Amino acid sequence: MGILNVTPDSFSDGGRYNRLDAALLHAESMVRAGATLIDVGGESTRPGAAIVSSAQELDRVVPVVEAIAQRLDVVISIDSSSADVMRESARVGAGMLNDVRSFRREGALQAAVDSGLAVCLMHMRGEPGDMQSSARYVDVLAEVRSFLEERMAQCVAAGVERERIVLDPGFGFAKELEHNLSLFKRMDELQVLGRPLLVGVSRKSMIGGVLGKPVSDRLYGSLALAALAVAKGAAILRVHDVAETVDAVRMIHAVCNAQ
Ligand code: 7PJ
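All values derive from a computational prediction rather than experimental measurement.

## A few points about the confidence of the model for the protein
Okay, step 1: For the protein, the mean per-residue pLDDT works out to 94, and 95% of the residues sit at or above 70.
Okay, step 2: Within the model, the stretch residues 10-14 combines pLDDT values under 50 with six contacts to residues more than four positions away or in other chains.

## Section: the pattern of salt bridges
Okay, step 1: A complete count under the given rule lists 11 salt bridges for this structure.
Okay, step 2: A salt bridge links Glu 189 to Arg 186; the shortest N-O distance between them is 2.8 Å.
Okay, step 3: Looking at Glu 189, the relative accessible area reads 29%, which means it is partly exposed.
Okay, step 4: Residue Arg 186 is classed as partly exposed on the basis of its relative accessible area, which comes to 28%.
Okay, step 5: The network of salt bridges with common partners includes Asp 39, Asp 79 and Arg 238.

## Notes on the site of the ligand
Okay, step 1: Taken together, 13 residues form the shell around the ligand, and within it Asp 79, Asn 98, Asp 168, Lys 204 and Arg 238 come nearest.
Okay, step 2: Residue Lys 204 places a side-chain N or O atom 2.6 Å away from an oxygen atom belonging to the ligand.
Okay, step 3: When the free accessible area of the ligand is taken as 390 Å², the share hidden by the protein chains comes to 93%.
Okay, step 4: With respect to the pocket detection grid, the ligand is positioned in the largest pocket.
Okay, step 5: Residues belonging to the shell around the ligand are distributed by class as follows: five nonpolar, three polar and five charged.

## Looking at empty space enclosed by the protein
Okay, step 1: Counted by the stated rule, this structure contains three cavities of 30 Å³ or more.
Okay, step 2: In this structure, the second largest cavity occupies an estimated 60 Å³ of space.
Okay, step 3: With four residues, helix 8 (residues 219-231) is the largest single contributor of residues to the lining of the second largest cavity.
Okay, step 4: Broken down by class, the residue content of the lining of the second largest cavity amounts to seven nonpolar, three polar and one charged.

Definitions and cut-offs
Every chain begins its residue count from 1, and numbering advances along the sequence as written. Whole-chain, interface and lining totals are the exception, using all residues; otherwise, since this is a predicted model, local features are given only for residues with pLDDT of at least 70 and side-chain atom pairs are given and counted only at 80 or more. In computing side-chain values, all of the structure's heavy atoms are included and hydrogens and water are not. A score from 0 to 100, pLDDT tells how confident the predictor is in each residue. Any two residues whose heavy atoms approach within 4.5 Å at even a single point are treated as in contact. Salt bridges are defined by distance alone: a side-chain nitrogen of Lys or Arg within 4 Å of a carboxyl oxygen of Asp or Glu. For every residue, the accessible area (1.4 Å probe, protein chains only) is compared with the maximum for its type, and the residue is labelled buried under 20%, exposed over 50%, or partly exposed between those bounds. One heavy atom within 4 Å of a molecule or strand makes the whole residue count as near it. Counted as a polar contact is a pair of N or O atoms within 3.5 Å, where, for protein atoms, one must be capable of donating a hydrogen and the other of accepting one, and residues adjacent in sequence contribute only when both atoms are in side chains. Computed with a 1.4 Å probe, the accessible areas rest on the Shrake-Rupley method; for each residue, only the protein chains presented here act as cover. In this analysis a 1.4 Å probe is tested at points of a 1 Å grid over the protein atoms alone, and where it fits but cannot get out there is a cavity; an open set with protein on both sides within 12 Å along at least five of seven lines is a pocket; lining residues have an atom within 4 Å of a point. The rule for placing a molecule in a cavity or pocket is simple: more than half of its atoms must lie within 2 Å of the grid points. For this classification, Asp, Glu, Lys and Arg are treated as charged, while Ala, Val, Leu, Ile, Met, Phe, Trp, Tyr, Cys and Pro are nonpolar and the rest, including Gly, are polar. Grid points are joined across faces, edges and corners, and a volume is the space filled by probe spheres set on the points. Here a strand is any run of E in DSSP of at least two residues, a helix any run of H or I of at least four, and the numbering for each starts at the N terminus.

Here is the structure:
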């Protein structure tokens, strides 16, 4: 899964055409590099990020989804918690709803049910703006597992088919470095939930925390975690560096498929 940010700070402030054009080119290059999903996001969910309005998000995301759907052979995932963005994106060709708030905002769960699309449920506490204050755990793996179990049950009860659900431990969301490392180490235990796991650690602060490197120097750390995530059962890797990650995963598959 290649990451496509359409937040305003992701692009120099050209006109709408330039933004759309740049987004399409980036999506195209990730597909050529081997991405089979593109995750389009119009809201920054980094710690401390400001909340954007649904209207702003619609304006940023929907034209990009529509353009990709018309031109590229790839599943489009929408990184959004807004019911309006989910509905509009589904209408113009999205294939998956990826909500870091696990469909807990007003109307989001119903939008997911009505869409009939795949959904990603991710563990987080609080809101991106204040989530780090709730990073307290006795047993982070067990607490993440029961959250995902509960959320999955609620989604199924609301009418989301179990077979459409993907689960995500939510690295970096309401978690300190020690929590992220411990959760990663024991991630294989989440396989008991019986659904594919999505892992997003690309360039994240847990890599910066261990290596003491800025975002621009986290590729090798990201690749190490991508390989380890596959070994621990991850089915989908949400990454910025698609070509490099695809090489790593292809090598793992070659070895695993050997006699
Ligand atoms: C994730 C995400 C993640 C899922 C972001 C960043 C922060 N969606 N959206 N999982 N992270 N499902 O990429 O640094 O880990 S935004």
